[in-house]
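Chain and residue survey
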Amino acid sequence: MADTIVIIGAGPAGVVAVETLREHDRQSRVVMLSAEPFPPYSPPAMVDHFITGSNLHFWRAPNWAEQLQVDYRPGAQVTSVNPTSHQLRLADDSLLAYDYLVIATGSRLYAPLPGVDLPGVYNFKSLSAAQALIGKVKRGEARTAVIVGAGFIGMEIALLLRELGVQVIQVEMLDQVMPAMLDPFTATFALQLMRQRGVEVRLNTKAKCFVGEGQAIGVELETGEILYADLLIAATGVRPNIDFLEGSGIACRWGISVDHYLRTSAPDVYAAGDVVETPDRLTGEVFVHAILPNAIEQGRVVGLNLGKRGLGCPTSYEGAERMNSLKHLGLPILAAGLKQGDEMLRARVNGGWRTLYLQDDRLVGFQLIGGLRAAGALRTLLNRQETLRRLKDRLLEPNFGQGALVWSALCF
Ligand SMILES: Cc1cc2nc3c(=O)[nH]c(=O)nc-3n(C[C@H](O)[C@H](O)[C@H](O)COP(=O)(O)OP(=O)(O)OC[C@H]3O[C@@H](n4cnc5c(N)ncnc54)[C@H](O)[C@@H]3O)c2cc1C
């Protein structure tokens, strides 16, 4: 009898896992569950969707599930998993049996702030959450907003709300925007662009709690000042969706622990995407690297390893990348790898800036403002980790990354 493969989650990791599986297995029965009531969507497309109306649902062909023979069940939330009986339980109390299971449940808002659960506190971490927030703006019920956090998602929301005509104050407890990814130079540039777009960013400003009686009406700062607004938004970080695994015995720390083949500690159970902890390609450090390229690559590896095929010669995962980009600032910004090394190279290139970090003559990180044409070649150098001693000067040339210059760099 054909195996039943159940995928929990219809984000990029889950979708790519199925697409890859179907390249070598058309026999297994595949059931995909999503807690949300939508067709699969890609979260990075949400901002453009709300600005331009671009069709976010058709990230894949509308008949995607039919083409891949997937029994897709939106609005089906998993509440527990029992690896011993190979079964999972859904919110309606029904049970579903699996031969192989993929956990691709992504991440949700992490906001350790009192009052965050009050009605009137919004976030942008899922389409359901984003629709509630943007619906209020489009109905004309919100002219002002306070956003707590100037990480990547907070910046995206601020720019989207400005685009929709909302007055935005953004508070960040650290001394720069996007502290996890940007070096101080690039962050200062991004901050200036945010301010030019009319976002009032306040650095070194720590929010203490959301305040209100039964309904949030403001954000109280550590100074005691209260910022009142029509929209109060938490953008303080994300954490993996693993609550439903409590009692399952599946090993988790901050996210799900996996081996090199993305297998969890339970037999026949894999995990991919924002929900897993994986080693960093550069440093080997194990943590959740919650970005799209990693979710896609992990989905691909799980899709290759799933089922009987994985038993023979499993494909190993090479490790996660650190990367992020800001597309809606007016000038694109892209950061990858580390933001320090034993040598820093920086030049003004094509009206923007290129900053490179090297360690022992190897590229360990780069930050681009403006022209992104070198990004592909720099990413390759970052992943290859070969010595660049003889090539360093060329890395800052404006046309590095194109044609002959990239070949001479990569074939040294
Ligand atoms: C606004 C925004 C912009 C972003 N922009 C970028 C970007 O520009 N570049 C980049 O690299 N990354 C970006 N990201 C991050 C990127 O979206 C994630 O890394 C990626 O979506 C992770 O994919 P995933 O499949 O692991 O999880 P998700 O996309 O989060 O999908 C998780 C799925 O699991 C389902 N689910 C969760 N719990 C359950 C349950 N108990 N039962 C059933 N189903 C469940 C959800 O409904 C959903 O279908 C952005 C994220 C956001 C929110």
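Residues numbered from 1 in each chain as written. Predicted model: local features only at pLDDT ≥ 70, side-chain atom pairs only at ≥ 80, totals over all residues. Heavy atoms only, no water.

We note that the domain assignment places domain 1 (4–106 + 239–312), domain 2 (111–236) and domain 3 (331–410) within the protein chain. Its C-alpha centre places domain 1 at a distance of 29 Å from the equivalent point of domain 2. If you look at the interface, domain 1 gives 11 residues, while domain 2 gives 13 residues. Buried area between domain 1 and domain 2, summed over both chains or domains, comes out near 1000 Å², and the portion from carbon and sulfur atoms is 73%. Counting the contacts that link domain 1 with domain 2 gives 0 salt bridges. The interface formed by domain 1 and domain 2 includes 4 residue pairs in polar contact (both at pLDDT 80 or more). (Domains from an automatic or database assignment. Contact = heavy atoms within 4.5 Å. Buried area = accessible area lost by both parts, 1.4 Å probe. Salt bridge = Lys/Arg side-chain N within 4 Å of Asp/Glu carboxyl O. Polar contact = N/O pair within 3.5 Å; in protein donor to acceptor, adjacent residues only side chain to side chain.)

Our focus in this paragraph is helix α1 (residues 12–24). An α-helix turns once every 3.6 residues. As a result, residues three or four positions apart point the same way. Helix length check: α1 (13 residues) gives 19 Å between terminal C-alpha atoms against 18 Å at 1.5 Å per residue, within 8%. Of all 13 residues that make up α1, 10 are buried, and the element is covered over most of its length. Listed as buried for α1 are Pro12, Ala13, Gly14, Val15, Val16, Ala17, Val18, Thr20, Leu21 and Arg22. Contacts made by the buried residues of α1 are with β1 (4–8), β2 (29–34), α3 (64–67), β3 (70–74) and α7 (292–305). (Helix = DSSP H or I, 4+ residues; strand = E, 2+ residues; numbered from the N terminus. Expected span 1.5 Å × (residues − 1). Buried < 20%, exposed > 50% of the residue type's maximum accessible area, 1.4 Å probe, protein only.)

Turning next to the site of the ligand. Taken together, 34 residues lie near the ligand, and Ala13, Ala35, Val78, Asp274 and Leu292 sit nearest. Contact distances for the ligand include 2.9 Å between an oxygen atom and a backbone N or O atom of Ala13. The backbone of Ile291 places a nitrogen or oxygen atom 3.4 Å from an oxygen atom of the ligand. The protein chains hide 92% of the 1000 Å² of surface that the ligand would expose on its own. Of all elements in the fold, only α1, β2, α5 (152–163) and α7 reach the threshold of two or more residues within the shell around the ligand. Examining the composition of the shell around the ligand, we find that 3 residues originate from one element, α7, more than from any other. In terms of residue class, the shell around the ligand is made up of 21 nonpolar, 9 polar and 4 charged. (Near = heavy atom within 4 Å. Areas by Shrake-Rupley, 256 points an atom, 1.4 Å probe, with all protein chains shown as cover. Nonpolar A, V, L, I, M, F, W, Y, C, P; charged D, E, K, R; others polar.)

Attention now moves to the pairing of strand β5 (residues 87–90). A one-sided burial pattern is seen for β5, the buried positions being Leu88 and Leu90 and the unburied ones Gln87 and Arg89. As judged from the 4 bridges shared by strand β4 (residues 78–82) and β5, these two strands associate in the antiparallel manner. Paired with Asn82 across the strands is Gln87, a residue of β5. Turn length for the β4-β5 hairpin, with the two strands adjacent in sequence and antiparallel, is 4 residues, and the turn residue His86 shows positive phi of about 55 degrees. Both β5 and strand β6 (residues 95–97) contribute to a ladder of 3 bridges, which runs antiparallel. The partner of Gln87 across the bridge, within β6, is Ala97. Counting the residues in the hairpin turn of β5 and β6 gives 4 residues, including Asp93, whose phi is positive at 80 degrees. (Pairing = 2+ DSSP bridges.)

Tallying each qualifying case throughout the model produces 1 cavity of 30 Å³ or more. The computed volume of the largest cavity comes to approximately 60 Å³. Around the largest cavity sit Val349, Asn350, Trp353, Arg354, Leu368, Ile369, Gly371, Arg373, Ala374 and Pro398, which together line it. Those elements that provide at least two residues to the lining of the largest cavity are β25 (352–359) and β26 (362–369). Counted by class, the lining of the largest cavity contains 6 nonpolar, 2 polar and 2 charged residues. (1 Å grid on protein atoms, 1.4 Å probe; cavity = no way out; pocket = protein on both sides within 12 Å on 5 of 7 lines; lining within 4 Å. Points joined across faces, edges and corners; volume = space filled by probe spheres on them.)

Spatial ordering of the open sheet is given by β13-β14-β15, a layout of 3 strands whose pairing is antiparallel. Looking at which strands have only one partner, the edges of the open sheet turn out to be β13 (207–211) and β15 (226–228). Taking the axes of each pair of neighbouring strands and ignoring which way they run, one obtains an average angle of 25 degrees across the sheet. Where strand β14 (residues 218–221) lies against β15, 3 bridges are found, and the strand directions are antiparallel. Along β15, the bridge assignment pairs Glu220 with Ile226. (Axes fitted to C-alpha atoms, helices over the stretch in contact; angles between N-to-C directions.)

With 45 residues, the main nonpolar core has Phe124, Leu133, Leu161, Leu231 and Ile233 as its most contacted residues. Those elements that provide at least two residues to this core are α2 (46–52), α4 (127–138), β10 (144–148), α5, α6 (184–196), β12 (199–202), β16 (231–234) and β23 (333–337). Leave out the neighbours within four places in its chain, and Leu231 touches Tyr122, Leu133, Lys136, Val137, Ala142, Thr144, Ala145, Val146 and Leu161. Residues Ala13, Val102, Tyr270 and Tyr317 belong to the second largest nonpolar core, which totals 27 residues. (Core = buried A, V, L, I, M, F, W, Y, C linked by side-chain atoms within 4.5 Å.)

Next up on the list: the environment of Pro332. Along the chain, Pro332 falls in the loop between β22 (323–326) and β23. Since its relative accessible area comes to 27%, Pro332 is described here as partly exposed. The contacts of Pro332, once residues within four sequence positions are left out, are Leu326, Leu368, Ile369, Gly370 and Leu372.

Our focus in this paragraph is the sheet that holds strand β20 (residues 276–279). Strand order in the open sheet formed by 3 strands is β18-β20-β21, and the pairing between neighbours is mixed. The sheet is open, and its two borders are formed by β18 (256–257) and β21 (286–287), each paired with just one other strand. Two strands pair when backbone bridges link them, and β20 and β21 are joined in this way by 2 bridges, in the antiparallel orientation. Paired with Thr278 across the strands is Phe287, a residue of β21.

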